[in-house]
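What the coordinates show
Given next are the chains, with one letter for each unit.
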Amino acid sequence: MADTPQIVMDERVKQISPMRRAMIRPELGGIVGTIAVFVFFGLFAFDSGMFNSQGIMNWSVVSAQFMIIAVGACLLMIAGEFDLSVGSMIGFAGMMMAIFGVTLGWPMWVAILVTFALCISIGALNGFIVVRTGLPSFIVTLAFLFILRGFTIFLPQTIERKTIIGGIREAAEGDWLAALFGGTIGKGFFTWMGEAGIIATFERGTRAGEPVVNGIPMLIVWALGLVVVGHVLLTRTRFGNWIFAAGGDAEAARNSGVPVNRVKITMFMFTAFCATVFAACQVMEFGSAGADRGLLKEFEAIIAVVIGGALLTGGYGSVIGAALGALIFGVVQQGLFFAGVESSLFRVFLGVILLFAVILNTYIRRIITGER
Amino acid sequence: MTQPLIQMKNIEKHFGSVIALAGVSVDIHAGECHCLLGDNGAGKSTFIKTLSGVHKPTRGEILFEGRDMHFADPRDAIAAGIATVHQHLAMIPLMSVSRNFFMGNEPTRKIGPFSFFDHDLANRVTMQEMEKMGIVLRGPDQAVGTLSGGERQTVAIARAVHFGARVLILDEPTSALGVRQTANVLATIDTVRKQGVAVVFITHNVRHAMAVGDRFTVLNRGRTYGTAKRGEITPEELQDMMAGGQELATLESSLGSTV
Ligand SMILES: Nc1ncnc2c1ncn2[C@@H]1O[C@H](COP(=O)(O)OP(=O)(O)O)[C@@H](O)[C@H]1O
Ligand SMILES: [Mg+2]
């Protein structure tokens, strides 16, 4: 009999238990946190209306908002950079859509497309400055945090003598592109669910008989779409490998032929894209753009990403994890509201969970790299 | 005599006021192992970095098969068939062995209009290549950070060899290795040389150089004393040139020639 080649295991390579193996994944914190949060609110706030159709839609929308910016922040952080200008970019993008679409009276789809082009270019500029000067992205994007916010306040005051521009819903009426951000889908399905008695319907008023939730907002569709695209891009494509490499060790990646600068600039552009999607959905929902929109969003995005298991130092993380981080955020923020807890305690929660997440991530990193 | 695959003529490299290379010329031939020797700081790494596209030479020219080459970045050099295993490794500890192995050379598979990283192929090839080099992995998804320095070095060499380079540059590949792994690396150099690849082997260990070298160039403080062929020079002479002659002679007499 021919001798069958056998893989000889090195006796010094310890077999790691499946348990430990399952633990070494960036999503661990996000998964555990999500379960904990749902168990907690299931026990203490079940009767508050948080888990009926309106309640679910309420925290889903908030989570989806966090998710949209978390996906961008996540890929950028894995590529080794930060963007602190996300919040200002949201305010700026919304304001530009309003100025183009309402003040200048351009068709809404033109206003939206031009805003996207403008914001993505600013993202590219952020990235270009970072890779060219070698300065920490923290500083470069901090500068843009102020520059963009400044313009967001200055422009409407100069043009319209106010800091809020309304009338967007009217301007967007019947616009094909605006509907992609402001509309809902699945109306028929929800009407059917209302008729079948699965979800509640309005009992009185002009909308009597209609379901209380009449469709899934495009915001949620965007969030889920971005999560799927981001996850596939990161884990299943060549470009994803370059993202990990660029953040893991830019020098080593460059020496291996990875176009590190291009990867980083692209990720800054993608982050700006996500911020603009957020802004578009927001102005369509509110019907107005305000100079203070998006405040502190950059930090909320970064915290969601860290809860999701990404390392602040780059090179490691997961889009699914970041999405779960965003979900935890949304559920806790709205859950505390439903449970009647003072909303300022949400910030206490944020700080505590951020600290826990960072400590857990550091621990997981040690397991992976075998450092002590 | 055949034309050299690569001619590097009067390469100079200045870092601000530091002159790391003050005019070094070396010819590299296909199917030969060219040893670059020299003490720490002699400029060996800087020299090969001008060849692998990391640094642009301040002055001097690089001819590849007689044609002038200008590498804007490492991608160009890699595309021209020059694979480099840098002294400070081009490996990323947080990434898996297979992701590292294919970094910059990811195999893709098309599904519809999209192309995806072919993880199955990457994992299979990685395991095979590692087995050939005598390294047993827990799995292709094991992080490089869990490997020892020598094992990482071996992964880097296996990667360079696998991608079928015409020129393989190894910057001090043996200095962090144990006895068996060193023998493994030297054997690998011998194998790829016989396949017609030009190998540039940097070391400051004369015994390792003598074991596989066809030509020897000693660098000293950014200069070279020229190139000697195998048989034209003795290990003692090489050792002397590396240390700059006299000092070693005095050292040797006080230590009883054990250096
Ligand atoms: N990027 C750099 N900037 C400034 N000086 C450098 C740089 N790289 C190398 N040098 C200097 O060039 C000289 C040669 O270094 P190197 O080529 O690494 O030597 P070797 O590899 O032979 O030990 C040293 O004096 C080193 O300090
Ligand atoms: Mg060196």
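In this text, all values refer to a predicted model and were calculated from it rather than measured experimentally.

**Observations concerning the site of ligand 1**
Residue and element names in this part refer to chain B. Around ligand 1, the neighbouring residues are Phe 15, Ala 20, Asp 39, Asn 40, Gly 41, Ala 42, Gly 43, Lys 44, Ser 45 and Thr 46. Between ligand 1 and the protein, one listed contact pairs an oxygen atom with a backbone N or O atom of Gly 43 at 2.9 Å. Taking Thr 46, its side chain carries an N or O atom lying 2.5 Å from an oxygen atom of ligand 1. When ligand 1 is considered free in solution it has 560 Å² of accessible area, and contact with the protein chains removes 60% of it. The element contributing the most residues to the shell around ligand 1 is helix H1 (residues 44–51), with three residues. Split by residue class, the shell around ligand 1 holds three nonpolar, five polar and two charged.

**Remarks on the environment of Phe 64 of chain B**
Residue and element names in this part refer to chain B. Along the chain, the position of Phe 64 falls in strand S4 (residues 59–64). Taking the C-alpha atoms as reference points, Phe 64 and Ile 28, separated by 36 residues in sequence, lie 9.6 Å from one another. In contact with Phe 64, not counting residues within four places along its chain, are Leu 5, Ile 6, Met 69, Ala 80, Ile 82, Arg 166 and Val 167.

**Here's the deal with the layout of surface pockets**
Residue and element names in this part refer to chain A. In this structure, the second largest pocket spans a volume of roughly 660 Å³. Around the second largest pocket, the lining is made up of 28 residues, and of these Phe 66, Lys 297, Glu 300, Gln 333 and Phe 346 lie nearest the centre. It is helix H16 (residues 345–369) that provides the largest number of residues to the lining of the second largest pocket, a total of five residues.

**Regarding the packing of helix H4 (residues 86–103) of chain A against helix H6 (residues 137–160) of chain A**
All names here are of chain A. Two numbers describe how H4 lies on H6: the axes approach to 8 Å, and their chain directions differ by 25°. The angle between H4 and H6 places the two elements in the roughly parallel class. Classified by chirality, the crossing of H6 by H4 is left-handed. Seen from H4, the contacting residues are Gly 87, Ser 88, Met 89, Gly 91, Phe 92, Met 95, Met 96, Ile 99 and Thr 103; seen from H6, they are Phe 144, Leu 145, Leu 148, Arg 149, Phe 151, Thr 152, Leu 155, Pro 156, Ile 159 and Glu 160. Here the contact of H4 with H6 is built from residues that sort into twelve nonpolar, five polar and two charged.

Each value, and the rule that gives it
Residues numbered from 1 in each chain as written. Chains lettered and ligands numbered in written order. Predicted model: local features only at pLDDT ≥ 70, side-chain atom pairs only at ≥ 80, totals over all residues. Heavy atoms only, no water. Near = heavy atom within 4 Å. Polar contact = N/O pair within 3.5 Å; in protein donor to acceptor, adjacent residues only side chain to side chain. Areas by Shrake-Rupley, 256 points an atom, 1.4 Å probe, with all protein chains shown as cover. Helix = DSSP H or I, 4+ residues; strand = E, 2+ residues; numbered from the N terminus. Nonpolar A, V, L, I, M, F, W, Y, C, P; charged D, E, K, R; others polar. Contact = heavy atoms within 4.5 Å. 1 Å grid on protein atoms, 1.4 Å probe; cavity = no way out; pocket = protein on both sides within 12 Å on 5 of 7 lines; lining within 4 Å. Points joined across faces, edges and corners; volume = space filled by probe spheres on them. Axes fitted to C-alpha atoms, helices over the stretch in contact; angles between N-to-C directions. Parallel < 35°, antiparallel > 145°, perpendicular 65-115°, else oblique. Left-handed = near helix turned anticlockwise from the far one by under 90°.

Without other data, these values stay purely geometric and don't point to any function.
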